[in-house]
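So the chains spell out like this:
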Amino acid sequence: MHPSFPGPPEPRLVPAGEHPLWDEALAAVNRDLAATLPGQRPLCLLAYPADEPDDEQVYVALADGNAHGNSLGRPRSAGWALRIVAEAAQDTITGCLWQAWPVCTLHGLGMHMGEEAGRPVWRCAGGGRPGDPAHVRAAVGELDTVHGPRRPNRKRRKDGKDSQGRTNAGENGAARRAG
């Protein structure tokens, strides 16, 4: 006969309202997720119990409960919580789905967390060419303002070009206007 050992602690879904700063930050990050990966279900908060209730580890997880990266810790402020949740979401999506997130629509590059005017932002490294520098794409929670839906009525030829012979006309046009 073998002694029975307890298994690893079971995580629990964190209900809305339990961690208001994390909830607010997660709502902003889920807006970015919906704008950039519309088929992906919203992220959630998952908690793993600890010996002391106040030491519980909270993670940002996919809707199926998979998470990757570090726990969130204790929030210090709303801005700090937004940055930490965005970084944790990026770790989870990258680690569990094996894809860069979020991706700059102008350069096709994965973006990273930055800060501008005291706000967490998504930064792109740029195209690596003169005149195509690193740039802030959007504040965290506001990627929906720069990741508009594709225009389904725009006719494309079989070679992927539009009726004027341009490839990705909307994005390239935006790059010319922004540059």
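Just so it is clear, the structure is predicted and the values come from calculations on it, not from any experiment.

Structurally, Asp132 can be placed in the loop between strand E5 (119–124) and strand E6 (135–139). Here the side chain of Asp132 touches His107 through a polar contact of 2.6 Å, side chain to side chain. Apart from residues no more than four positions distant in its own chain, Asp132 is found in contact with His107, Gly126 and Gly127.

Further remarks concern the sheet that holds strand E1 (residues 12–13). Taken together, the three strands give an open sheet; going across it, the order is E1-E2-E3, and neighbouring strands pair in antiparallel fashion. Edge positions in the sheet fall to E1 and strand E3 (57–61), since each has one partner strand and no second. Both strand E2 (residues 44–48) and E3 contribute to a ladder of five bridges, which runs antiparallel. The partner of Leu46 across the bridge, within E3, is Tyr59.

Residue-level pLDDT values for the protein average 82, and 76% of them are 70 or greater. In this model residues 149–157 is a low-confidence stretch, pLDDT under 50, and it forms 14 contacts with partners more than four residues away in sequence or in other chains. Long-range and interchain partners of residues 166–179, a stretch whose pLDDT sits below 50, account for 17 contacts in this model, where long-range means more than four residues apart.

Moving on to unusual backbone geometry. A negative phi angle characterises most non-glycine residues, just as the trans form characterises most peptide bonds. Following Trp101, the chain continues to Pro102 via a peptide bond in cis, the omega torsion being -15°. Among the structural elements, Pro102 can be located in the loop between helix H2 (78–97) and strand E4 (112–116). The phi dihedral of Trp98 is positive, around 55°, even though this residue is not glycine. Among the secondary structure elements, Trp98 is positioned in the loop between H2 and E4.

Here the focus is the packing of aromatic side chains. Enumeration over the complete set of coordinates arrives at three aromatic pairs. A ring pair is formed by Tyr48 and Tyr59, whose centres lie 5.7 Å apart and whose planes are at 85°; its orientation type is edge-to-face. Of this pair, Tyr48 sits in strand E2 while Tyr59 is found in strand E3, placing the two residues eleven residues apart along the sequence. Residue Tyr48 is classed as partly exposed on the basis of its relative accessible area of 30%. Note on Trp101 and Trp122: the rings are 5.5 Å apart at their centroids and 70° apart in plane angle, and the pair reads as edge-to-face. With Trp101 in the loop between H2 and E4 and Trp122 in strand E5, this residue pair connects regions lying 21 residues apart in the sequence.

Tracing the chain through its elements places Ile84 in helix H2. As for Ile84 and Trp22, which are separated by 62 residues in sequence, their C-alpha atoms are 9.0 Å apart. For Ile84, the contacting residues outside a window of four places in its chain are Trp22 and Leu72.

Parameters and conventions
- Each residue is numbered by its place in its chain's sequence as written, counting from 1.
- For a predicted model such as this one, the threshold for reporting local features is a pLDDT of at least 70, and the threshold for listing and counting side-chain atom pairs is 80 or more; totals across whole chains, interfaces and linings nevertheless cover every residue.
- Based on all heavy atoms of the structure, the side-chain values leave hydrogens and waters out of the count.
- Segments assigned H or I by DSSP are reported as helices when at least four residues long, segments assigned E as strands when at least two residues long, and all are numbered from the N terminus.
- Each polar contact in these results corresponds to two N or O atoms within 3.5 Å; when the atoms are within protein, one needs to be able to donate a hydrogen and the other to accept it, and residues that are neighboring in sequence are counted only if both atoms are side-chain atoms.
- Any two residues whose heavy atoms approach within 4.5 Å at even a single point are treated as in contact.
- Strands qualify as paired when DSSP identifies two bridges or more between them.
- The pLDDT score gives, residue by residue, the confidence of the prediction method on a 0 to 100 scale.
- Paired rings are identified among Phe, Tyr and Trp, the last through its six-membered ring, by centres lying within 6.5 Å, and are further divided according to the angle between planes into stacked (under 30 degrees), edge-to-face (over 60) and tilted (the rest).
- Buried, partly exposed and exposed residues are distinguished by accessible area as a fraction of the type maximum, computed with a 1.4 Å probe on protein chains only: under 20%, between the cut-offs, and over 50%, respectively.

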